[in-house]
Amino acid sequence: MHSSAFKLTITALAAVIAAGVPANAPASAQSLLQAASPSQIPPQAVSQAPSPQTGLLDAVPGSAPLGQGMILSTRPMSLARAAADQDLMLISFEQPRSALTLEGENDVVDLSFVVDKATLAGGGDLVIAYRNAVSVMPEASMLSVTVNGAAAGEFAIRSPSGFTTQKLMISPAWLRDGVNEVRLRAVQRHRVDCSMEATYELWTEIDQQASGFRPNSATRPAGFARLRGIGRNADHLTDMRLVLPNNAGVEALNMAAPLVQTMALALNRDDLAVSVADTEGTGPGLDLVVVTDETRMPSDTGANTAPYGLSIGSATDPRRARVTLHTASRQDIPAALLAAIQGPLRDLVDTGMAAPKKGEIRAEEAAVYTLADAGYTAAPFSGRLFRNGFEMVMPADFYPAEYATMDLLLHAATSPGLKPTSQLLVRINGHIVKSLPMRDTGGQVFSGQRLELPLRAFRPGRNQVELLAELERDSDDACVFAQRNETTPRFILLENTEIRVPRLARVARLPELATMAGSAYPYATKAGVDVHALKADAYSVSAALTVVARMTLAAREPLPVRLAFGPPAAGLRGNALVIAPQRAVEELARLGPTAFPDIPERIEFASGFGFADPIQTSSVHLPGAALPIAMTTDPMALLDAFRQTTRNQGGTSHVVESLGETLNDGFRSFRYWLNYERPSDLAPLVEPRRRAMLSQRPNVSGEGVVTWLTADTSLDMLDVSMMLADPAIWNRIEGENVVFDLDQRTIRTVRPESYFAHEVTDYGPANLRRVAAAWFSDHFRVYVALVLGMMAVFAIWLGRAVPRAGVRTEQ
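Calculation criteria
- Residues numbered from 1 in each chain as written.
- Predicted model: local features only at pLDDT ≥ 70, side-chain atom pairs only at ≥ 80, totals over all residues.
- Heavy atoms only, no water.
- Patch = residues over 30% accessible without salt bridge, like charges linked within 9 Å, V, L, I, M, F, W, Y side chains within 5 Å.
- Areas by Shrake-Rupley, 256 points an atom, 1.4 Å probe, with all protein chains shown as cover.
- Salt bridge = Lys/Arg side-chain N within 4 Å of Asp/Glu carboxyl O.
- Helix = DSSP H or I, 4+ residues; strand = E, 2+ residues; numbered from the N terminus.
- Expected span 1.5 Å × (residues − 1).
- Bend = angle between axes of the 7 residues up to and from the residue.
- Buried < 20%, exposed > 50% of the residue type's maximum accessible area, 1.4 Å probe, protein only.
- Polar contact = N/O pair within 3.5 Å; in protein donor to acceptor, adjacent residues only side chain to side chain.
- Contact = heavy atoms within 4.5 Å.

Undergrad: Explain a nonpolar patch on the surface residue by residue, including any values.
TA: Taken together, the side chains of Val784, Val787, Leu788 and Met791 define a hydrophobic patch exposed on the protein surface, amounting to about 350 Å² of accessible area. Counting through the fold element by element, Val787 comes out in helix α16 (residues 780–804).

Laid out in structure tokens, this is it:
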């Protein structure tokens, strides 16, 4: 990490800790790829796609449905998990479960683990526990492994009936003190099918809990470095538990919030789930304890005897670690955390949060990036369907519209013998937006071929960008095993392929949950965020801290957070996050903030876990949306719902009214097409049996937004917090509302009908021109009316001016 960046992090942390501690038009290309693979189902419909990560015996009611192309093994995963639990010397990989599946004919997964000098001295074994689809042909499918660029070995992919463990001996000469990088490359071929559709049936899954590095020495990394190797819990998440006294209240939460954010940044785990309890956790994870001479913990935790400052020790469960912050008083907490971030935690921040992340480009306007910046390494490809993807994080105040294009300058080549139907496709957030035909059967070389990608296909925050090449040959139709030549390359994509970001229209538009997920906007400001829990139970508080930790990681710096029990004030100014069971939301809508009953200041550790909502709630069904009943107090929303349900119940429709409805429907369909939305987004929502909702609304003062996380019960609140901790869910939330199906583990996102400008950071004429062009592209009916009006005015003027300006002639 550059020293300047580190100093900025330290400065931000100092300010936050001090504030947080209480003082007392889409392309027309058509392809089979438009039916996205199960791992690429667009976020508007599903966030966690059917995947090979659950065996048939593990598929219980409420799990994700199985996809057509998914052929799963039948051996339970519990055996591998139990083995991993018993292997206390295994240093886990840092990457989340969603990043451990290799798909298609050629795929790469980049992993990492951390060791120190004492641990690497004796070398060790790289443990890879994997299983694969039965459609993978073992005779032609290989998994190769490199460690820090050195070839560590390869093995045939042949484990369709359950997890198999492969161990590769790693020499100490290949290891380095600190972060070690592992690259897995899978080359997979189908047993019987040579079509491109069949490539979606090829996958290899790495077992997260049974894979990692096992050193030969009897010691694991010492100090805070051991935190980077902590395993995941049964939900495949990194468990961070804040342990509080059983009489703790909101004051203890505010005192501990800076520690939670500091450790979230130090761990740099994308799958971090925060829980709050009055007892230590069990299973792999991390316990956090804050102790001052004024506030003591129960004696059985051992935290009271910890040294002053931030220290790490062993927890009761040998698979966990305990981090204790011990100070003389609460006023000493900022100094203690600053000393830790500048001292023992510095290496973790330096090599983790502040280091570039492979597979990610954090874009800025008027900048040029290459695929190498996303960690891509060029290699010849001999399959039928080439796929390469990366994430592009756009600025929070980026206005996506048709005022410019993002240019992709392609550097690639094809080999002779391909079908003339071969083509390169660019898919953004699940939508194919550009195609490049590759019809030359004699082979082609592309040296800076320009592909214009529409800015409207992107969104503020995280975007999934994929490059796909369809590369069929005539011999694929026969698919004769003896005649198949899998060694001749068909395509190569060079790593100097460029992505050029144009000047952007910079105006922050809300509501937009994608900006919160991608960069914690608008909460990552000096004003910070007020977090309100309408019920003081442990599940609601855990959900609140999980969202805070996720926003901290998105902002890449700690946030000024103020936690409170109870609703926001009636005249709230600024931004807020509200966590509430549905019953409490309805009561707030009925009574208002001033009459809302007082909430106990103590956290309900026991009763909160057994809470069940006795009131059955429902929703108003809107096309493509589902708003909690407490949110439907907006008269315009109720009026729109009434009109939708009664529009066809009259006798004889008026001709003008019918024509207006037809034009509005046509305009709505065109708008969905223009915004790269699917017809399924227009369909009425099927109400989940168990659901939760994340919604963003402007506050009553108009000077900020309030984000609501609601669920029917506190137990459901726990489930939705676990879903938000999953990066496969968090990175795909967008729009105004996100509806969580807690049984199917899927989400549906709903875009707002209209946005409001929250902040304009650049009032220069160039930016205002781009903003105006973007606004007119979004409101083209106004643009057309304005053009027609100007033409009419010009015609009237011309009709009056020309006769008077004519030349008089004498007869």
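Undergrad: I'd love a proper account of helix α4 (residues 250–267), names of residues and values included.
TA: The first and last C-alpha atoms of α4 sit 25 Å apart over 18 residues, in line with the 26 Å expected at 1.5 Å per residue. Bending of α4 peaks at approximately 35° at the position of Ala256, with proline Pro258 no more than four residues after it. Counted residue by residue, α4 has 17 buried out of 18 residues, so it is predominantly covered. One or two steps after α4, the chain reaches Asn268, where phi turns positive at roughly 55°.

Undergrad: Provide a residue-level description of the side chain of Glu391, including the pertinent values.
TA: Looking at where Glu391 falls in the secondary structure, it is placed in strand β18 (residues 385–394). The exposure class of Glu391 is buried, given its relative accessible area of 13%. Within the structure, Glu391 has its side chain in polar contact with the side chain of Gln464 (distance 2.8 Å). Leaving out residues up to four positions away in the same chain, Glu391 has contacts with Gly359, Glu360, Ile361, Arg462, Asn463, Gln464 and Asn731.

Undergrad: How would you explain the environment of Leu425 if you had to name every residue and give the values?
TA: Mapped onto the elements, Leu425 comes out in strand β20 (residues 423–428). For Leu425, a relative accessible area of 0% puts it in the buried group. For the pair Leu425 and Leu468, spaced 43 residues apart in sequence, the C-alpha to C-alpha distance is 5.1 Å.

Undergrad: Could you give an account of unusual backbone geometry, naming the residues involved and the relevant values?
TA: A cis geometry characterises the amide bond from Leu510 onward to Pro511, with omega recorded as 0°. Tracing the sequence through the fold places Pro511 in the loop between β26 (508–510) and α8 (513–519). Residue Tyr521 is joined to Pro522 through a cis peptide bond whose omega torsion reads 5°. Positioned with a positive phi, Ala366 is a non-glycine residue whose angle comes to about 55°. Checked against the element boundaries, Ala366 lands in the loop between β16 (360–362) and β17 (367–370). Positive phi is not limited to glycine here, since Ala520 has a value of about 65°. Looking at where Ala520 falls in the secondary structure, it is placed in the loop between α8 and β27 (529–533). Under the relative-accessibility criterion, Ala520 is labelled buried at 0%.

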